[in-house]
Amino acid sequence: MRNNLFILSGPSGSGKNTVYDGVAALIPEIAQTVSVTTRPPREGEVDGVDYYFVSVKEFERKIRNDELVEFVKYGDHYYGTLRSEIERLKKAGKIVVLIIEVRGALNVKRVFPEAESIFILPPSMDVLRQRIENRGQNSVEETEKRLRIAEQELLQKGFYDHCVINDDLDVCVNEVADIIRKGVQ
Ligand code: 5GP
């Protein structure tokens, strides 16, 4: 059967969002779901485009109303995937991609076992640290927290259907695009 649901996951700093942008340029039918989060917007982030930014109270209401396929507390904030987002994009005939962290990815696999999961690996922990630091959007504590989470997340790579190293971006983008093209055939 044709699969049109993919999970793109990997630690913060693995470059999964950049990889997604590269793949989207090659496969125009793909679309990513917009997640809901209680994290405050970073400079330049737009509500409804990067995330739906909500209060903790609103997020907890969504949990109670069963609006989320999965959710996690990552660092100090909640993040979750809206059921309505997946349905909206599927109805529009899109190949749906969830760009989420590792625990969420494993939970989505439980709800949608047919979803194909792709793990983006950094070439090394040193490179990962550099990427998180260069982003310049996280405090020192936040960077350390993200690195500790990343170490735990990397231990989960065996649960994924595919692992791709993001060393050379173009190579990585092409590998992920190939996986998606094969998956939808
Ligand atoms: P950031 O704060 O850097 O935007 O996101 C932190 C982490 O949460 C990233 O690994 C990001 O991919 C992940 N994330 C974003 N949205 C979701 C979601 O809906 N569910 C889960 N489980 N993780 C998410």
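On a predicted model such as this, the values are computed, not experimentally measured, just so you know.

Chemist: Account for unusual backbone geometry, naming residues and giving values.
Modeler: One non-glycine residue, D66, adopts positive backbone phi at about 60°. Looking at where D66 falls in the secondary structure, it is placed in the loop between helix 2 (56–64) and strand 5 (68–74).

Chemist: Mind laying out the site of the ligand, listing which residues take part and the relevant values?
Modeler: Around the ligand lies a shell of 16 residues, among which S35, R39, Y51, E70 and Y79 are the nearest. Within the backbone of G80, a nitrogen or oxygen atom sits 3.0 Å from an oxygen atom of the ligand. The side chain of E101 places a nitrogen or oxygen atom 2.7 Å from a nitrogen atom of the ligand. About the coverage of the ligand: the protein hides 95% of its 510 Å² of free accessible area. The residue inventory of the shell around the ligand, partitioned by class, reads six nonpolar, four polar and six charged.

Chemist: So what about the packing of helix 5 (residues 125–135) against helix 6 (residues 140–154)? Which residues, and what values?
Modeler: Running from N to C, helix 5 and helix 6 point in directions that differ by 145°, and their axes come no closer than 10 Å. The element helix 5 and its partner helix 6 pack so that their crossing is right-handed. When helix 5 is examined against helix 6, the residues M125, L128, R129, I132, E133 and R135 are found in contact with a partner set consisting of T143, E144, R146, L147, A150, E151 and L154. The class makeup of the residues in the contact of helix 5 with helix 6 is six nonpolar, one polar and six charged.

What counts as what
Residues numbered from 1 in each chain as written. Predicted model: local features only at pLDDT ≥ 70, side-chain atom pairs only at ≥ 80, totals over all residues. Heavy atoms only, no water. Helix = DSSP H or I, 4+ residues; strand = E, 2+ residues; numbered from the N terminus. Near = heavy atom within 4 Å. Polar contact = N/O pair within 3.5 Å; in protein donor to acceptor, adjacent residues only side chain to side chain. Areas by Shrake-Rupley, 256 points an atom, 1.4 Å probe, with all protein chains shown as cover. Nonpolar A, V, L, I, M, F, W, Y, C, P; charged D, E, K, R; others polar. Axes fitted to C-alpha atoms, helices over the stretch in contact; angles between N-to-C directions. Left-handed = near helix turned anticlockwise from the far one by under 90°. Contact = heavy atoms within 4.5 Å.

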